[in-house]
Amino acid sequence: MNQLRVGMIGYKFMGKAHSNAYRALPMFFPQALKPEMAVLCGRNEQAVAEAASRLGWSEIATDWRQLVARDDIDLIDINAPSNAHKEIALAAAKAGKHIFCEKPLALSLVDSREMLQAAEEAGVAHMIGFNYRFSPAVQLAKKLVESGRLGKIYHFRAWFLQDWVMDPEFPLVWRLQKEIAGSGSLGDLGAHLIDLSHYLIGDIDEVIGMSETFIKERPLAEEMTGLSATGSADPNAPRGPVTVDDATLFMAKFADGAIGSFEATRFAAGHRSTNSFEINGSLGSVKFDFERMNELEVYFNSDDEDVQGFRRVLATDPAHAYAEAWWPPGHTIGFEHTFIHEVLELTHAIREGRQPVPNFLDGVKCQAVLEAVERSIEQRRWVEIAEM
């Protein structure tokens, strides 16, 4: 196989990111399996046609079932709203298609386990979209943890802070409706933090959490695109209930003895997308902030006392993951590159006949923690992941 024929369902925020990744991959990673952007699918024929022309897709479709059934498609890319993931993924697995699904994998742990089982039984490659793993600086943090250079890990603390829904008149977009999104800041932002903790530290054993919905009701949305939307200017226009959390915090105990704290909120004024973590070990620490995604702050206890302190490591030299394919050292990359690296892992896995990482199993593990946090909040107690 020299080409991978892709059918993608959804074409807005993540659709644009995935499309850019498929287009850029052959230019910078010519050894990779080349994606063919075959069919773009969406419900609105005019809108999907305009998107296909802009993003570079060859054909359009308005019925995802017909797309999944086509013999000339190898991979189904799912970046539709969360409530559509399960049905599409099950159909894709049954049709023998490889699957690339955005997170969260499903609206519930039961559904996510069903998706994993279907993909495993079909013998197809399955990947979940935890793109932040693919930042070179995060890869460096992983290397330092795995090599033992940070020693025994004691703490993992992480926070994902945004402010895009702070205006009480911001419309009721689908991300604020539990029946579509599954959960709010916890599932949207916290899921990335949970996956990073699994990737960098290991499995979580137990959690305890709290959450709050600050704005209980919002104007109904008339138009939605990515993280933006418009509603009626009429103050008497219909409003609807917000059925997800605006902010969630939880603490965790890891299987290896480390402890963790997690914060996800859409109500942190001034934070556009502050996705950060810090790891403290017996020999040193690292700090990462995605708003400065090319940098990792590193501290080693072994440094001489007169020069001890966090150093800024710019993860753009050839020694860092993926960097050699891009620009000369010091010439930074951006958000979109994490998706290119993600698609590189997917295409390599398909060519090599293995599962990409992260895959649906990682999605199930993340969903188990999300639901354990929700149970903890509801029952006001520590909840073991093994309960789920």
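The name given to the protein chain in an unreviewed UniProt entry is Gfo/Idh/MocA family oxidoreductase, with Paenibacillus motobuensis as the source organism.

Visitor: Describe the overall build of the protein chain, with residues and values.
Guide: Each helix and strand counted, the protein chain has 10 helices and 19 strands in total. The C-alpha atoms of the protein chain give 21 Å as radius of gyration, which agrees with the globular expectation for 388 residues (21 Å, within 12%). On the principal axes, the C-alpha backbone points of the protein chain span a range of 65 × 55 × 40 Å. With 388 residues in all, the protein chain has 55% of them scored as buried. Within the protein chain, counting contacts between residues at least 6 apart in sequence, those at least 24 apart form 71% of the total. Split by element, the accessible area of the protein chain, about 17000 Å² in all, is 49% carbon and sulfur. Positive and negative side-chain charges of the protein chain, numbering 38 and 55 respectively, have mean locations separated by a distance of 1 Å.

Visitor: Describe the sheet that holds strand S3 (residues 59–61), listing the residues and the values that go with them.
Guide: Taken together, the 6 strands give an open sheet; going across it, the order is S3-S2-S1-S4-S5-S6, and neighbouring strands pair in parallel fashion. Two strands bound the open sheet, and with one partner strand each, they are S3 and strand S6 (126–129). With direction set aside, neighbouring strand axes in the sheet form an average angle of 25°. When strand S5 (residues 98–102) meets S6, the two strands line up parallel, connected through 4 bridges. Its bridge partner being in S6, Glu102 is matched across the sheet by Gly129.

Visitor: Go over unusual backbone geometry, please, and point to the residues and values.
Guide: Looking along the chain, the bond that leaves Lys103 and enters Pro104 is cis, with omega of -10°. Cis geometry marks the peptide bond from Val357 to Pro358; its omega dihedral reads 5°. Among the structural elements, Pro358 can be located in the loop between helix H9 (335–352) and helix H10 (360–379). Phi angles above zero are rare outside glycine, and Arg380 is one such case at about 55°. With respect to the helices and strands, the residue Arg380 is situated in the loop between H10 and strand S19 (383–384).

Visitor: Could you give me a rundown of the pattern of salt bridges, with the residues and numbers involved?
Guide: When their charged atoms lie close together, side chains carrying opposite charge are able to pair. Tallying each qualifying case throughout the model produces 28 salt bridges. Between Glu206 and Lys253 there is a salt bridge, with the nearest N and O atoms lying 3.9 Å from each other. Here the residue Glu206 occupies a position in strand S8 (residues 204–212), and Lys253 occupies one in strand S13 (residues 247–254), the gap between them amounting to 47 residues. A relative accessible area of 18% means that Glu206 is categorised as buried. Residue Glu212 pairs with Lys216 through a salt bridge whose shortest N-O separation is 3.2 Å. Via salt bridges that share partners, Lys103, Arg175, Asp188 and Arg266 belong to a single interconnected network.

Visitor: Before we move on, can you summarise the sheet that holds strand S7 (residues 153–161) with the specific residues and values?
Guide: The 9 strands are arranged S18-S17-S16-S15-S7-S14-S13-S8-S19 in an open sheet whose pairing can be described as mixed. The sheet is open, and its two borders are formed by strand S18 (311–314) and S19, each paired with just one other strand. Two strands pair when backbone bridges link them, and strand S17 (residues 295–300) and S18 are joined in this way by 4 bridges, in the antiparallel orientation. Residue pairing for S18: Leu296 is matched across the bridge by Val313. Running at roughly 55° to S8, H10 makes contact with S8, S13 and S19 of the sheet.

Visitor: Describe the state of the cysteines, listing the residues and the values that go with them.
Guide: Under the definition given, this model contains 0 disulfides. The thiol sulfur of Cys41 is not disulfide-bonded, and the nearest other cysteine sulfur, from Cys101, lies at 14 Å. Cys101 takes part in no disulfide bond, and the closest cysteine sulfur to it belongs to Cys366, at a distance of 12 Å.

Visitor: I'd like a description of the packing of helix H6 (residues 136–146) against helix H8 (residues 185–200), backed by residues and values.
Guide: Axes are the key here: two packed helices are described by the angle between their axes and the distance separating the axes. Two elements in contact, H6 and H8, have axes whose closest approach is 10 Å; the angle formed by their N-to-C orientations is 40°. Facing H6, whose interface residues are Val138, Gln139, Ala141, Lys142 and Val145, H8 presents Leu196, Tyr199 and Leu200. When grouped by side-chain class, the residues that make up the contact of H6 with H8 number 6 nonpolar, 1 polar and 1 charged.

Visitor: Describe the packing of aromatic side chains, naming the residues involved and giving the relevant values.
Guide: All chains considered together, the criterion is met by 21 aromatic pairs. Relative to Trp57, the ring of Tyr22 has its centre 6.1 Å away and its plane inclined at 85°; by these criteria the two rings are edge-to-face. Remark: Trp57 occurs in the loop between helix H2 (45–55) and S3 and Tyr22 occurs in helix H1 (residues 13–28); sequence separation between them is 35 residues. Between Phe29 and Trp326, the aromatic rings sit 5.9 Å apart at their centres with planes inclined by 80°, giving edge-to-face as the arrangement. One end of the pair, Phe29, is in the loop between H1 and strand S2 (34–41); the other, Trp326, is in the loop between S18 and H9, with 297 residues separating them in the sequence.

Criteria and thresholds
Residues numbered from 1 in each chain as written. Predicted model: local features only at pLDDT ≥ 70, side-chain atom pairs only at ≥ 80, totals over all residues. Heavy atoms only, no water. Helix = DSSP H or I, 4+ residues; strand = E, 2+ residues; numbered from the N terminus. Rg over C-alpha atoms; globule rule 2.2 N^0.38 Å. Buried < 20%, exposed > 50% of the residue type's maximum accessible area, 1.4 Å probe, protein only. Contact = heavy atoms within 4.5 Å. Areas by Shrake-Rupley, 256 points an atom, 1.4 Å probe, with all protein chains shown as cover. Lys, Arg positive; Asp, Glu negative; His and termini not counted. Charge placed at Lys NZ, Arg CZ, Asp CG, Glu CD. Pairing = 2+ DSSP bridges. Axes fitted to C-alpha atoms, helices over the stretch in contact; angles between N-to-C directions. Salt bridge = Lys/Arg side-chain N within 4 Å of Asp/Glu carboxyl O. Disulfide = S-S within 2.5 Å. Nonpolar A, V, L, I, M, F, W, Y, C, P; charged D, E, K, R; others polar. Phe/Tyr/Trp six-rings, centres within 6.5 Å; stacked < 30°, edge-to-face > 60°.

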